[in-house]
Amino acid sequence: MAGRRKYKRPTREQLRAMTPQERLEHTRALERERSARYYRRHIASTTKAERRARAEELTTALFDWSRLLPHIERLPSGCWLWTGPFRSVFGDVRPWARAGALGGMRADHIVCCLSRGRPPPKCFVSRTCATVGCVSPTHLVWSNRAVETAKNRRRHVESEELAGRVE
Ligand SMILES: [Zn+2]
């Protein structure tokens, strides 16, 4: 980690002249740099016991409806729109619940934990509605990679079928 050369930021002109592929590589380089920085600051310098204590502290601070509800706007459609901050997680924008010096956690993950219990092994939160930033407990479920892949494949087939009917 320490010997790694720092990523050279492109100038604004260079950034504008980039092809989509170069732009993607640029985004990935920034993300790699950020995760390396996070690793050095929060993981490499701490012990396992410290990390566990911090996670416990974060959980008790955040797993509480009263901290989440002020950031939620209930829409007539049944969706609960997150009005708090968002954060890019592996290129996807996710609602983010901040917890001061402790950092924070994905708000949709917390809501799903509160309404459905802790995630089963290898599972993650998935939204069943189309509203970006929705954290409604009834629209969030625990899902896994196999389920998501099947869902995406089905969606792809459906759109292919519809494409055949485009005039
Ligand atoms: Zn929703």
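Residues numbered from 1 in each chain as written. Predicted model: local features only at pLDDT ≥ 70, side-chain atom pairs only at ≥ 80, totals over all residues.

Draft legend 1. A look at the overall build of the protein chain. A count of helical and extended segments in the protein chain gives six helices and seven strands. In the protein chain, the succession of helices and strands from N to C terminus is α-α-α-α-β-β-β-β-β-α-β-β-α. For 167 residues, the compact-globule estimate of 2.2 N^0.38 gives 15 Å, and the C-alpha radius of gyration of the protein chain, at 20 Å, exceeds that figure by more than 25%. Taken along its principal axes, the extent of the C-alpha atoms in the protein chain is 55 × 45 × 30 Å. The burial tally for the protein chain puts 14% of its 167 residues in the buried class. In the protein chain, the share of contacts with a sequence separation of at least 24, taken over all contacts with a separation of at least 6, comes to 45%. (Helix = DSSP H or I, 4+ residues; strand = E, 2+ residues; numbered from the N terminus. Rg over C-alpha atoms; globule rule 2.2 N^0.38 Å. Buried ≥ 20, exposed ≤ 12 C-beta atoms within 10 Å, placed from the backbone. Contact = placed C-beta atoms within 7 Å.)

Draft legend 2. Focus on the nonpolar core. By size, the foremost hydrophobic cluster in this structure holds 17 residues, and its most contacted members are Leu68, Ala97, Ala107, Ile110, Val111 and Val135. Looking at this core, the elements that each hand over two or more residues are β2 (80-82), β4 (92-98) and α5 (107-116). At four residues, the largest contribution of residues to this core is made by α5. (Core = buried A, V, L, I, M, F, W, Y, C linked by C-beta atoms within 7 Å.)

Draft legend 3. Highlighting the domain arrangement of the protein chain. Parsing the protein chain into structural domains produces domain 1 (12-44) and domain 2 (64-166). Its C-alpha centre places domain 1 at a distance of 25 Å from the equivalent point of domain 2. (Domains from an automatic or database assignment.)

Draft legend 4. Expanded view of unusual backbone geometry. One non-glycine residue, Lys122, lies in the positive phi region at around 60°. Along the polypeptide, Lys122 turns up in the loop between α5 and β6 (124-127). What makes Lys122 exposed here is the crowd of 9 C-beta atoms within 10 Å.

Draft legend 5. View of the pairing of β4. Here four bridges tie strand β3 (residues 86-89) to β4, and the two strands are oriented antiparallel to one another. Note that in β4 the partner of Val89 across the bridge is Asp92. From the end of β3 to the start of β4, which pair antiparallel, there are two residues, and Phe90 there has a positive phi angle of about 50°. Of the strand pairs in this sheet, β4 and strand β5 (residues 104-106) are connected by three bridges, and their pairing is antiparallel. Bridge pairing in β5 links Arg98 to Gly104. (Pairing = 2+ DSSP bridges.)

Draft legend 6. How the structure looks around the sheet that holds β4. Spatially, β3-β4-β5 is the arrangement adopted by the three strands of the open sheet, whose pairing is antiparallel. Of all the strands in the sheet, just β3 and β5 have a single pairing partner and so form its edges. Strand-to-strand, the axes of this sheet are offset by a mean angle of 45°, without reference to chain direction. (Axes fitted to C-alpha atoms, helices over the stretch in contact; angles between N-to-C directions.)

Draft legend 7. Local environment of the environment of Pro95. Relative to the helices and strands, Pro95 resides in strand β4. A residue is classified by how many C-beta atoms lie within 10 Å of it, and Pro95, with 25 of them, is buried. C-alpha separation for the pair Pro95 and Pro85, spaced 10 residues apart in sequence, amounts to 6.2 Å. Setting aside chain neighbours within four positions, we find Pro95 in contact with Trp82, Gly84, Phe86, Arg106, Ala107, Asp108, Gly133 and Val135.

Draft legend 8. How the structure looks around helix α2 (residues 20-44). In a regular helix each residue adds 1.5 Å, so 25 residues correspond to 36 Å; α2 covers 34 Å between its end C-alpha atoms and thus fits that length. Among the 25 residues in α2, zero count as buried, and that is only a small part of the element. (Expected span 1.5 Å × (residues − 1).)

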